[in-house]
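Architecture at a glance
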Amino acid sequence: MLICRTVAECRAAVAGFRQAGDTVGLVPTMGYLHDGHLSLVAAAKARTDRVVVTIFVNPTQFGEAADLDAYPRDEARDIALLQAAGVDLVLIPEVAEVYPQGDETIVETTRLANMLHGKVRPGHFRGVTTVVARLFNFVGPDIACFGEKDYQQLQVIRKMTRDLAFPIEIVGCPTVREADGLAMSSRNVRLTPEDRAAAVVLNKALTLAEDATRAGTTVEALRDLIAGTIAAEPRATLRGLDVVHAGDLAEVSGPVTETTAIMLSVEFGGILLIDQREVTP
Ligand code: AMP
């Protein structure tokens with residue numbers, strides 16, 4: 001596995017892949033890898049000849065410097081995991097390599113980025129699209145894989161890719177969970193043992209919502225059910241609950257008659273966890 005620190009090294013290596021006639025898949029990450037990330041690697045490997053993973057904790061998508069500083073990192077472990085997973089190239093750039101002249105040029109999906117979770121974390125999705133556009137230009141992949149767990153992020157990236165005509169297929173991948181149902185996240189290690197145990201409430205609330213939808217329900221009843229389930233867990237604070245059309249993220253109301261996306265963000269002692277579910281009547 002090639003380990004590149006600069007864009008120039010990465011471009012040269014990818015040019016070599018291209019010369020050999022190989023297709024290229026990209027998996028962007030912020031490192032501290034878990035089985036969720038590795039499932040994206042497996043999805044890319046199944047679709048392309050060569051897989052490139054990026055590890056970059058992107059400062060422009062963090063609201064607070066403290067959150068950025070506290071983001072867990074373990075480069076040696078990440079490299080070993082990617083090597084074992086059969087990745088061809090990992091790009092681990094410094095901030096100055098990604099933003100050599102600052103971040104004056106931004107990419108923003110103006111509507112999608114500022115609704116729903118974008119309201120809870122102002123500027124977050126602008127940071128995501130800005131860095132992903134740069135990574136797309138550094139690597140030039142045929143496909144790029146993203147997790148459905150970050151549901152709004154996936155829609156934002158699909159929209160940016162279409163609008164800016166990147167010739168890249170965006171592949172959405174299902175959420176990988178811990179044995180107790182908590183969605184895997186690099187942030188989970190920051191939870192206290194008590195909060196970690198309580199965090200199963202996200203999956204519990206979404207599963208109840210899924211069952212209720214199958215039995216027949218309304219958007220309003222779903223919201224009450226989820227908010228009530230979270231409120232019953234004293235360690236949890238509900239930060240965002242959106243019940244939207246699965247395709248365009250438009251707010252919905254009344255009886256649930258088609259596939260609907262629920263996006264949930266819940267805070268435990270300063271750590272924000274997110275989860276999502278598409279529910280179908
Ligand atoms: P992150 O390193 O958290 O920025 O995540 C990098 C990519 O991995 C994003 O596309 C995430 O949606 C995806 N991802 C994170 N957690 C999971 C998970 N539990 N299952 C599947 N994909 C995930």
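Let me sum up the structure you'll find in this document. (Residues numbered from 1 in each chain as written. Predicted model: local features only at pLDDT ≥ 70, side-chain atom pairs only at ≥ 80, totals over all residues. Heavy atoms only, no water.)

Bringing the nonpolar core into the picture now. Residues Leu 89 and Phe 136 are the most contacted members of the largest nonpolar core, which totals 31 residues. Put simply, the parts of the chain that give this core at least two residues each are helix 1 (7–19), strand 2 (24–29), strand 4 (89–91), helix 7 (124–139), strand 5 (143–147) and helix 8 (151–163). No other element matches helix 7, which puts 8 residues into this core. When neighbours within four sequence positions are excluded, Phe 136 is seen to be in contact with Leu 26, Pro 141, Ala 144, Phe 146, Ile 157, Met 160, Thr 161, Phe 166, Ile 168 and Ile 170. Counting residues in each nonpolar core, the second largest holds 24 residues, with Ala 199, Leu 241, Phe 268 and Ile 271 among its members. (Core = buried A, V, L, I, M, F, W, Y, C linked by side-chain atoms within 4.5 Å. Buried < 20%, exposed > 50% of the residue type's maximum accessible area, 1.4 Å probe, protein only. Helix = DSSP H or I, 4+ residues; strand = E, 2+ residues; numbered from the N terminus. Contact = heavy atoms within 4.5 Å.)

A separate point is the sheet that holds strand 8 (residues 260–268). Here we have 3 strands laid out as an open sheet, ordered 7-8-9, and antiparallel in their pairing. In this open sheet, the two strands that pair with only one neighbour each are strand 7 (237–245) and strand 9 (271–279). Neighbouring strand axes in the sheet, compared pairwise and without regard to direction, differ in orientation by 15 degrees on average. Both strand 8 and strand 9 contribute to a ladder of 9 bridges, which runs antiparallel. Within strand 9, the residue paired with Met 263 across the bridge is Gln 276. Of the strands in this sheet, strand 7 and strand 8 are in contact with helix 11 (residues 219–231), which crosses strand 7 at around 160 degrees. (Pairing = 2+ DSSP bridges. Axes fitted to C-alpha atoms, helices over the stretch in contact; angles between N-to-C directions.)

Two strands in a sheet stick together by hydrogen bonds in their backbones, pointing the same way (parallel) or opposite ways (antiparallel). One open sheet accounts for 6 strands, arranged 1-4-3-2-5-6; its pairing is parallel. The two strands at the open ends of the sheet, each matched to only one other strand, are strand 1 (2–4) and strand 6 (169–173). The mean angle between the axes of side-by-side strands here comes to 25 degrees, regardless of whether they run parallel or antiparallel. Sheet analysis places strand 1 next to strand 4, joined by 3 bridges and oriented parallel. Each bridged residue has a counterpart across the sheet, and for Leu 2 the counterpart in strand 4 is Leu 89. Strands in contact with helix 8 are strand 5 and strand 6; relative to strand 6, the strand with the most contacts, it is inclined by about 170 degrees.

Here we take up helix 2 (residues 35–47). The end-to-end C-alpha distance of helix 2, which contains 13 residues, comes to 18 Å, matching closely the 18 Å that a straight helix rising 1.5 Å per residue would cover. Of all the positions in helix 2, only Gly 36, His 37, Leu 38, Leu 40, Val 41, Ala 43 and Ala 44 are classed as buried. Where helix 2 is buried, its residues touch strand 2, strand 3 (50–55), helix 4 (75–84), strand 5 and strand 6. (Expected span 1.5 Å × (residues − 1).)

Let us now look at the packing of aromatic side chains. Pairs of aromatic rings are described using the distance from one ring centre to the other and the angle between the two planes. Applying the stated rule across the entire model yields 3 aromatic pairs. Centroid distance Phe 62 to Tyr 71: 5.7 Å. Interplanar angle 75 degrees. Geometry classified as edge-to-face. Residue classification places Phe 62 among the buried positions, given a relative accessible area of 9%. Judged by its relative accessible area of 8%, Tyr 71 falls in the buried class. (Phe/Tyr/Trp six-rings, centres within 6.5 Å; stacked < 30°, edge-to-face > 60°.)

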